[in-house]
Amino acid sequence: MSKINVVFWSQTGNTEAMAEAVGKGIVAAGKEANVVEIANASIDELKDSQVFAMGCPAMGAEVLEEAEMEPFVEEVEGFVAGKTIALFGSYGWGDGQWMNDWVERMTNAGATVLNGEGVICEEAPEEDTLARCEELGKQLAAI
């Protein structure tokens, strides 16, 4: 059984719920999910993976969380070329520009972002968003 990493940062639990749903989809598709908070994530595991998912809510002026997630993503940019990744997160204001910027960053670094966009929701994820996250997990597992 192949393990797929789902790495996330969450302040209120919204993005964590989305990460758990991605993991649920991975498991439903027959693979092992490693859903892990950014502080416990292994860069080396991601380097060795062809597919993985990352989640982070919008912070400040629609940016990634700056203390843990941003440095992690900067490191990922260095080795993500040729990999397929899924992105997801929640926001409380704005229009989701942080996700558009994140997708563009990963694409410019050579990654294929699943579906060409991240899964986002405003505030707490509702059932339809969690279902989209599960589907994201199933898509990752099928690669």
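Treat the numbers as computed from the prediction; the structure is a model and nothing was measured.

J.: Would you mind showing me how to read helix α3 (residues 69-77) here?
T.: For an α-helix the count is 3.6 residues per turn, leaving residues at separations of three or four pointing the same way. Of all the residues in α3, the buried ones are Met69, Glu70, Phe72, Val73 and Val76. One side of α3 holds all its buried residues, which, seen down the axis, span an arc of 160 degrees. Residues of α3 that are buried make contact with β1 (3-8), α2 (43-47), β3 (51-55) and α4 (97-108).

J.: How should the pattern of salt bridges be read in this particular structure?
T.: Two side chains carrying opposite charge are able to pair once their charged atoms lie near each other. Scanning the model with the defined rule gives four salt bridges in all. Put simply, Lys24 and Glu134 hold a salt bridge, and the shortest N to O gap is 3.6 Å. Of this pair, Lys24 sits in helix α1 (residues 14-28) while Glu134 is found in helix α5 (residues 127-141), placing the two residues 110 residues apart along the sequence. Taking the shortest distance from any N to any O, the salt bridge between Arg105 and Glu70 comes out at 2.9 Å. Here Arg105, found in helix α4, pairs with Glu70, found in helix α3; they are 35 residues apart in sequence, far enough to count as distant. Among the charged side chains, a salt-bridge network with shared partners connects Glu70, Glu77 and Arg105.

J.: What exactly am I supposed to notice about the packing of aromatic side chains here?
T.: The description of an aromatic ring pair rests on the distance of the ring centres and on the angle between the ring planes. Per the counting criterion, the structure on display carries one aromatic pair. Considering the side-chain rings of Tyr91 and Trp98, the 5.7 Å spacing of their centres and the 55 degrees angle between planes classify their relative orientation as tilted. A relative accessible area of 2% places Trp98 in the buried class.

J.: When you look at the state of the cysteines in this model, what are you seeing that I'm missing?
T.: As used here, a disulfide is simply a covalent bond connecting the sulfur atoms of two cysteines. On inspection of all chains with the given rule, the structure shows zero disulfides. Note on Cys56: no disulfide assigned, nearest cysteine sulfur contributed by Cys121 at a separation of 13 Å. According to the relative accessible area criterion, Cys56 is buried, its value standing at 0%. Here Cys121 stays free of any disulfide, with the sulfur of Cys133 as its closest cysteine sulfur at 7.1 Å.

J.: So what exactly am I meant to see when it comes to the packing of α3 against α4 here?
T.: In helix packing, the relevant descriptors are the interaxial angle and the interaxial distance, both defined with respect to the helix axes. One can describe the packing of α3 onto α4 by two numbers: an axis separation of 9 Å at closest approach and a directional angle of 30 degrees. Relative to α4, the element α3 lies roughly parallel. Judged by the twist between their axes, the crossing of α3 over α4 is right-handed. Touching Met69, Glu70, Val73, Glu74, Val76 and Glu77 of α3 are Trp102, Arg105 and Met106, all from α4. When its residues are assigned to classes, the contact of α3 with α4 shows five nonpolar, no polar and four charged.

Cut-offs applied
- Residues numbered from 1 in each chain as written.
- Predicted model: local features only at pLDDT ≥ 70, side-chain atom pairs only at ≥ 80, totals over all residues.
- Heavy atoms only, no water.
- Buried < 20%, exposed > 50% of the residue type's maximum accessible area, 1.4 Å probe, protein only.
- Helix = DSSP H or I, 4+ residues; strand = E, 2+ residues; numbered from the N terminus.
- Arc of directions from axis to C-beta.
- Contact = heavy atoms within 4.5 Å.
- Salt bridge = Lys/Arg side-chain N within 4 Å of Asp/Glu carboxyl O.
- Phe/Tyr/Trp six-rings, centres within 6.5 Å; stacked < 30°, edge-to-face > 60°.
- Disulfide = S-S within 2.5 Å.
- Axes fitted to C-alpha atoms, helices over the stretch in contact; angles between N-to-C directions.
- Parallel < 35°, antiparallel > 145°, perpendicular 65-115°, else oblique.
- Left-handed = near helix turned anticlockwise from the far one by under 90°.
- Nonpolar A, V, L, I, M, F, W, Y, C, P; charged D, E, K, R; others polar.

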